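# Understanding the architecture of this molecule
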There are 2 protein chains.
Amino acid sequence: MLLCDIGNSFAKFYDGTSFQRVPINEIDRYKDSKVCYINVNERIADKLRSFHKWIDLGEFIEFSTPYQGMGIDRQILCLVVEDGVVVDAGSAITVDVMQNGRHEGGFIMPGIRFLLEDFGVISPRLQIQKLQPVDIHKLPLSTQDALSYGIIKPIVLAIGEFAKPLFITGGDGEILARYFPGSHYDELMIFKGMMKIVKRNDLC
Amino acid sequence: MLLCDIGNSFAKFYDGTSFQRVPINEIDRYKDSKVCYINVNERIADKLRSFHKWIDLGEFIEFSTPYQGMGIDRQILCLVVEDGVVVDAGSAITVDVMQNGRHEGGFIMPGIRFLLEDFGVISPRLQIQKLQPVDIHKLPLSTQDALSYGIIKPIVLAIGEFAKPLFITGGDGEILARYFPGSHYDELMIFKGMMKIVKRNDLC
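In this section: the overall build of chain A. Helix and strand content of chain A: six helices and 10 strands. In terms of overall dimensions, chain A is globule-like: its C-alpha atoms have a radius of gyration of 18 Å, near the 17 Å expected for 204 residues. Projected onto its principal axes, the C-alpha positions of chain A cover 60 × 40 × 30 Å. Residues counted as buried form 54% of the 204 residues belonging to chain A. For chain A, the computed accessible surface area is about 9,700 Å², with 48% contributed by carbon and sulfur atoms. Each charge sign in chain A was given a centre, from 22 positive and 26 negative side chains, and these centres are 2 Å apart.

Moving on, we get to the pattern of salt bridges. Residue and element names in this part refer to chain A. One pass over the full model with this rule turns up 22 salt bridges over all chains. Where R113 meets E117, a salt bridge forms, and the shortest distance between an N and an O atom there is 3.6 Å. Of the two residues, R113 and E117 are both situated in helix α3 (residues 112-122); the distance of four residues between them amounts to about one turn of the helix. A residue is classified by how much of its surface remains accessible, and E117, at 43% relative accessible area, is partly exposed.

So, about the relation of the copies chain A and chain B. Between the two copies of this chain, the relationship is a rotation about some axis together with a displacement along it. With an RMSD of 0.0 Å, chain A superimposes on chain B once it is rotated by 180 degrees and translated 0.0 Å along the axis. The superposition of one copy onto the other is thereby described by a two-fold rotation axis. Identified as the residue of chain A closest to the rotation axis by C-alpha distance is A:P154, at 2.2 Å. The residues that chain A uses at the interface reappear at the interface of chain B in 100% of cases, marking a shared surface.

Turning our eyes to something else, we now look at the interface of chain A and chain B. Counting residues at the interface gives 43 residues for chain A, matched by 43 residues for chain B. Summing the contributions of chain A and of chain B, the shared interface buries around 3,500 Å²; its carbon and sulfur component is 67%. In this structure, the connection of chain A to chain B is made through four salt bridges. Measuring nitrogen to oxygen at the nearest pair gives 2.6 Å for the salt bridge that ties B:K153 to A:E161. At the junction of chain A and chain B, the tally comes to 14 residue pairs in polar contact (both at pLDDT 80 or more). For the side of chain A that touches chain B, the elements supplying multiple residues, two or more each, are β7 (92-99), β8 (102-110), α3 and α4 (143-160) of chain A.

What follows concerns the packing of aromatic side chains. Scanning the entire structure with this criterion turns up 14 aromatic pairs over all chains. Taking the centre distance of 3.9 Å and the plane angle of 20 degrees together, the rings of A:F13 and A:Y30 count as stacked. Residue A:F13 is located in strand β2 (residues 10-14), and its partner A:Y30 is located in the loop between β3 (19-23) and β4 (35-39); the two are separated by 17 residues in the primary sequence. The same class applies to A:F13 and to A:Y30, which are both buried. Aromatic side chains A:Y149 and B:F107 sit 4.7 Å apart centroid to centroid with 45 degrees between the ring planes, which places their arrangement in the tilted category. Here B:F107 lies in strand β8 (residues 102-110) and A:Y149 lies in helix α4, a pairing that spans two chains.

Another aspect to go through is the pairing of strand β7 (residues 92-99) of chain B. Residue and element names in this part refer to chain B. The buried fraction of β7 amounts to seven of the eight residues, a majority that puts the element mostly inside the structure. Where strand β6 (residues 84-89) meets β7, six bridges bridge the pair, whose relative direction is antiparallel. The residue bridging D88 from the neighbouring strand is T94, located in β7. Counting the residues between successive antiparallel strands, the hairpin from β6 to β7 contains two residues. Where β7 and β8 come together, eight bridges link them in antiparallel fashion. Within β8, the residue paired with T94 across the bridge is I108. In this antiparallel pair of consecutive strands, β7 and β8, the connection spans two residues, and N100 shows a positive phi of 50 degrees.

Before going further, it helps to spend a moment on the pairing of strand β9 (residues 166-169) of chain B. Residues and elements named next belong to chain B. Bridging between β6 and β9 involves four bridges; their strand directions are parallel. In the sheet register, V86 faces β9, and the bridge partner there is F167. Sheet topology note: the β9/strand β10 (residues 184-185) ladder contains two bridges and is parallel. Bridge pairing links I168 to Y185 in β10.

Another point: the confidence of the model for chain A. The predicted model of chain A averages 95 in pLDDT, with 100% of residues at 70 or higher. With a pTM of 0.94, the predicted complex shows an ipTM of 0.93.

Packed helices, taken two at a time, are described by the angle between their axes plus the distance between the axes. Residues and elements named next belong to chain B. With their axes 8 Å apart at the nearest point, helix α2 (residues 72-79) and helix α6 (residues 189-200) run at an angle of 80 degrees to one another. The orientation of α2 with respect to α6, classified from their angle, is roughly perpendicular. Contacts from D73, I76, L77 and L79 of α2 reach α6 at M189, I190, G193, M194, K196, I197 and R200. For the contact of α2 with α6, a count of residues per class yields seven nonpolar, one polar and three charged.

Attention shifts here to the environment of B:A89. All names here are of chain B. Take A89: it is sitting in strand β6. The exposure class assigned to A89 is buried, which follows from its relative accessible area of 1%. Considering only alpha carbons, one finds A89 and L57, 32 residues apart in sequence, at a separation of 22 Å. Ignoring any residue separated from it by four or fewer positions in sequence, one finds A89 in contact with T169, G170, G171, D172, G173 and L176.

What counts and how
- Residues numbered from 1 in each chain as written.
- Chains lettered and ligands numbered in written order.
- Predicted model: local features only at pLDDT ≥ 70, side-chain atom pairs only at ≥ 80, totals over all residues.
- Heavy atoms only, no water.
- Helix = DSSP H or I, 4+ residues; strand = E, 2+ residues; numbered from the N terminus.
- Rg over C-alpha atoms; globule rule 2.2 N^0.38 Å.
- Buried < 20%, exposed > 50% of the residue type's maximum accessible area, 1.4 Å probe, protein only.
- Areas by Shrake-Rupley, 256 points an atom, 1.4 Å probe, with all protein chains shown as cover.
- Lys, Arg positive; Asp, Glu negative; His and termini not counted.
- Charge placed at Lys NZ, Arg CZ, Asp CG, Glu CD.
- Salt bridge = Lys/Arg side-chain N within 4 Å of Asp/Glu carboxyl O.
- Least-squares fit on C-alpha atoms with pLDDT ≥ 70 in both.
- Contact = heavy atoms within 4.5 Å.
- Buried area = accessible area lost by both parts, 1.4 Å probe.
- Polar contact = N/O pair within 3.5 Å; in protein donor to acceptor, adjacent residues only side chain to side chain.
- Phe/Tyr/Trp six-rings, centres within 6.5 Å; stacked < 30°, edge-to-face > 60°.
- Pairing = 2+ DSSP bridges.
- pLDDT = per-residue confidence, 0-100.
- Axes fitted to C-alpha atoms, helices over the stretch in contact; angles between N-to-C directions.
- Parallel < 35°, antiparallel > 145°, perpendicular 65-115°, else oblique.
- Nonpolar A, V, L, I, M, F, W, Y, C, P; charged D, E, K, R; others polar.

Given below as structure tokens:
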């Protein structure tokens, strides 16, 4: 059985040992495999329902929260963490706080790639290709450092407010984890949550 | 005499009592007035030099800092503050720390308008028209609050790190100032700095 996490541009497949990113328009080649999936991409929801061997784990999630409008990917990540802060650093950076298995709330920031692009649009003088490693405990003394600091420091402070173990996933998760000694980075976190649902419901 | 602060889209004029925003392509109608100006818009630098009654204050700034690449508008704002944090919340949000008249460094974040737009590009589910007032001391329990919190909280934390009086200017300055009780908001701060240069150099 395959697990599949579908976003807006890519589907991520995991077979229990290896992980693969597949462009959305190529998922048809998996249509005859047995796949348990979650999907946040409404444009392909109908198509996925026509794949008869595919099971939508979204229908099996049992996650109770007072939060309104929480994406299923965030819910599933939170299933993995009993007590801690859950960060998914992708196009957007979502942050959720779990306490004794209860969801306490969360927030959403634009992802690092978007912040980098913003600078170039604001002014050619603020163009920056990628985040530079900066010492966030020292005030920058150059525009180059000022831009990287201005992206990473606010994010780090907003996440660091909570005195809890930190669990990080997502494409930019590794970059973020560098600023949090002792944090747990796991690019497969979503699949651990999905597997929990699969097992709990005897879907494999 | 008029003071004029020229950005990428607008020129802001100040005559000592009233303040006016003029689209860049309309500044020709001021060309025969006596104007002391600063300009960060390279596209019109040549044209401004042809206005014979216009004086470029950029040539008179005496601001010493180890910071490399600091825009003249930021330098002038810092001239007004002996001790404190100087925030200019516009397209970009610049933050500079002054201590005993010395510039200690600073950083730059994308402005609120860009962060709002980012969300809409990331996903239609994250579309948000404007910043909602949120309690930044409470974890959000809805996507609407999560987005506004995710914009304002990181900015507030990054600025609030410095235990110093806070001086705020710029188009989004008033919004920001609400999150900092005791801060000083002054939309004319840049003109106060420009006037200092005018007086120091007997330019009027």
